[in-house]
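Coordinate analysis (summary)
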Amino acid sequence: MRFLSFICLPKVSESISFSYLPYTLKYAVIDFRRMLKGLNEKELENVVSQMVSDMEEPQPGSAQEKGIIEIKGDITESNFQAFTKSENAEMLAVDGGSATILNAGSFVVAGVRVGHVIFHGKEFSGASEPDYHLLHLASGHLEKYYEIFFEKIVGGNPPDYPKGLEEAVGRIRALMEWNQVEKIQSQDIPEGAVLAFDGAMWAGIKGVGDLLERIVEQAKQKKIILCGISKKSMLVHNSRPLIPAVQMLGDDSLPGATWHYPLDTGNYAEKLFGKIYLAKLHPRSRYVFRVDLSLPGGVEPEQAFGKLAYYADDPTYVGYPYPLARVHNDVAFSRAEVSDLKAMLRAAALQKGMNPKEWQLTFQDFHEILDTGR
Amino acid sequence: MVDEKMNLGRVTGKDVTEIVFRAYRDQDVFLGEMLIGDCQDSDRRFILRVINIMHGNEASESSWAPRTAGAFMDGDNKDQEYHVYDADRRLYNHVVCAPLGYLMGQGNDVQFRSPKTIPSHFSRVRRASKEDYRFLERYLGDVKLGSLRSGEQVIRHVPVGVASKDLAQHMGVFATTGMGKSNLMKRLAGSVLESGTLGLLILDPHGEYIDGGKEELRGLMHHPRAASNLETYVTREVEGNVSSVKISSSEISIQDMENLWPFSQPQVELLNAVWGRERDNWLPYIVDTEGAQIYQDFNEQFHEGSIGVVKRRASVLNRSHFITRDTRISMTKTIIEQLHTGKVVLVDLAGASETEELLISSVLARAIFQINQSKFKDKKKFKEIPICLIALEEAQRVFNRAWGGIFPQIAREGRKFKTGLCAISQQPKLIDNEVISQFNTLVILGLADRQDRERLSSSARQDISKLDYEIQTLMTGEGLITGPNTPFALPLKVDLYESYLNELVTEPKENKKPIDSGFF
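Residues numbered from 1 in each chain as written. Chains lettered and ligands numbered in written order. Predicted model: local features only at pLDDT ≥ 70, side-chain atom pairs only at ≥ 80, totals over all residues. Heavy atoms only, no water.

A short note on the overall build of chain A
When its secondary structure is counted, chain A shows 12 helices and 13 strands. Expressed as a percentage of the 374 residues in chain A, the buried residues total 43%. A sequence separation of at least 24 residues applies to 70% of the contacts in chain A between residues at least 6 apart. (Helix = DSSP H or I, 4+ residues; strand = E, 2+ residues; numbered from the N terminus. Buried < 20%, exposed > 50% of the residue type's maximum accessible area, 1.4 Å probe, protein only. Contact = heavy atoms within 4.5 Å.)

Given below as structure tokens:
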């Protein structure tokens, strides 16, 4: 019942005075009122009831979607391992960002870029020029486009193809991220440095297993700690989200501590290229992250987590290594940037002879009009 | 390549009345500092004065800063350390500036224009260089008071003062106690002692100008040019080459009496009647003649009560040691002659009562005004005399009204007759608006009272409304000068008189090297 009381929905008809509510609560209430308008309250109650009953009576095997990992065994207090923050560390962090610049329905123009940053101690010491592509993806030549990236980054032909435009952008971005990791590894990186990226060491794309294996092996040879940190986890335990359950137990059993929890993942050896942990990287963090680790010989998980914790003390991103936050922000596309790209593409297209009206009719989206009135 | 020490940031926006720029977090910027905004699209160099400084950050949510501070506070309580990574990138300062104008051209051809446009987007903002300050040379005034100030920094190679030619249009010096009024006046007198371009009469009720008033301070008598260019009159025992203050009762007018006490209409009429009959002997007549006789002399027109009041007050003046009935003994004529030869005349009134002080001040001021007025008729003679500046402390006592008394009259009419006032006050709010609007040059030191600042803001020749906070935060000796010849309110650091004297004595002027030479 804890979930229900947390949501705490007001009735539509209820009159609420907003002026003296705390900031966050005020916004929460305003949002709910807006969302509820026109929505059948009964239907909403049904959804909430279903969510609560799912939590209380889990049904094994009910969520076997792609990428979801079912964790084996029980969650026990004895598996939690406390660790201490390192005194110093060195970290390289990789992330990618993408945005749809234009969407004509039958094709999209998307921007994808991947970059990395380097931190020595607490200081930023450099960043790469991002690997940046503007993609024109149409249903008709999607496969061709994907093949180019796959061949260049992984090698050979892809065993399968993305099924839609969005998936194609996602896959290309993922391949570019792995490519960036591999490129960095070929550079001169000091032993014991952490090479972190956003996501899991999971071969979610068919045919990338060899690439991941190459990367993991190279990291071990160069004695680099390879680490994937997932902002959103698809780990489940008895079909329930795993992280909340582990976090609640961890907070109770090791209050005020940093800890990690190794997971038993069972039969995913073909797709999984590291060991999965859940970790709380700062004692005051409200977040526990999935951390996929591949460690070189002689490095204990506690040492790796100590180095991650060293960077997890920024007050804005408490519990998340700052270099990953920095690179995420560096490569993300802002609304202004998307808008600029759109204008740039339009100017270039018109210069090449495209009729302005045709441009307008091709890319107009009434959502933009609707949004102006929000 | 941009000089990192000079480079402060980039313009983010605003309008012709205010320019905001983003400054590097680790660059110190101070209120009142003068900076240069180099327009990216033209050769205009905007002169910007810092009027506010605020924290800024790159977070998209406005609640980021308080939340982050909360995290730090939580960490303090739980003994957990936090570290803001990339602080120089994520944190910065918003600096709000008042555009003072812009410069066009280079070197001797540089022109100053008032701020009728804005610098282009993202123009670079930097600290001003020696070359940037060069244009000020033509505005800095020949009566030096100190050096240009930019925020907390003193720009020693740019002297700042007031223009002697503007001083017939009067000057006001305003500051809260302890902010450096007396030092400023000594420094001003020092410049006049050096140059002789003005006749300066200083009426000193506190006796602090002659020798500094304290052991560690120096006075005008210590100035190297004092022997030749300073004349001192005293109302107390003072060692040195000084003369005693003496004025003749014949020099005292009915108007002076009105300045000292309030009189009813019948009492004023009685005084005027006595003046009409006795002229220069009016005061001895009232003092020496019995009340009943006066009653009779004026055909019983005036009430005995009125006669009694007038007699009693006249007796107060008669008892003064500084007033003599001998019409041949008076310092007034000599003082005016000395002023006309460009001397500094110090009248030390510390030994006089407040009534005597005001009386002597009024008599001297009126005499100067009338003599200059009479010389005006002879263009040749008038051209020969310098502007006479009368410095008056606690000026609010005589300027609380625009009419009545010699001082308001000089404020209104003096400029035509080379008679200027230097009104010194710590309470400008008590000075009549019309009077204060006559002061064309204002030297404003620290003023804590909002009403005082507002009074000056409404009267200054340049817009100083945006400088309110700067005026509040001025330290001792820091000030602003506005005048008919200044391009904007010039920030000033007044020379410490004692330091000025040391420099004057120890270093020949032509060999003087700026203290901060090589700074830029």
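Quick word on empty space enclosed by the protein
Residue and element names in this part refer to chain B. Scanning all chains against the criterion turns up 3 cavities of 30 Å³ or more. Volume-wise, the largest cavity comes out at about 70 Å³. Around the largest cavity sit 13 residues that line it, and Gly-161, Val-162, Ala-163, Asp-166 and Thr-486 are the ones nearest its centre. Considering only residue class, the lining of the largest cavity consists of 6 nonpolar, 6 polar and 1 charged. (1 Å grid on protein atoms, 1.4 Å probe; cavity = no way out; pocket = protein on both sides within 12 Å on 5 of 7 lines; lining within 4 Å. Points joined across faces, edges and corners; volume = space filled by probe spheres on them. Nonpolar A, V, L, I, M, F, W, Y, C, P; charged D, E, K, R; others polar.)

Some points on the sheet that holds strand β9 (residues 235-237) of chain A
Residue and element names in this part refer to chain A. Across the sheet, 3 strands lie side by side as β1-β9-β10; this open sheet has mixed pairing. Whereas interior strands pair on both sides, the edge strands pair on one side only; in this sheet they are β1 (69-70) and β10 (240-241). Examined bridge by bridge, β9 and β10 share 2 bridges and lie antiparallel to one another. By the bridge assignment for β10, His-237 is matched with Arg-240. (Pairing = 2+ DSSP bridges.)

Here's the deal with the interface of chain B and chain A
Listed as interface residues are 15 residues of chain B and, on the opposing side, 18 residues of chain A. Between chain B and chain A lies a buried interface of about 1,500 Å² when both sides are counted; carbon and sulfur atoms form 47% of it. Summed over the three residues of chain B that lose the most area to chain A, namely Tyr-82, Tyr-85 and Asp-86 of chain B, the buried surface amounts to 40% of that side. The interface formed by chain B and chain A holds 4 salt bridges in total. Put simply, Asp-74 of chain B and Arg-284 of chain A hold a salt bridge, and the shortest N to O gap is 2.6 Å. Where chain B meets chain A, there are 12 residue pairs in polar contact (both at pLDDT 80 or more). When residues of the side of chain B that touches chain A are traced back to their parent elements, those giving at least two are α1 (64-78) and α2 (87-90) of chain B. (Buried area = accessible area lost by both parts, 1.4 Å probe. Salt bridge = Lys/Arg side-chain N within 4 Å of Asp/Glu carboxyl O. Polar contact = N/O pair within 3.5 Å; in protein donor to acceptor, adjacent residues only side chain to side chain.)

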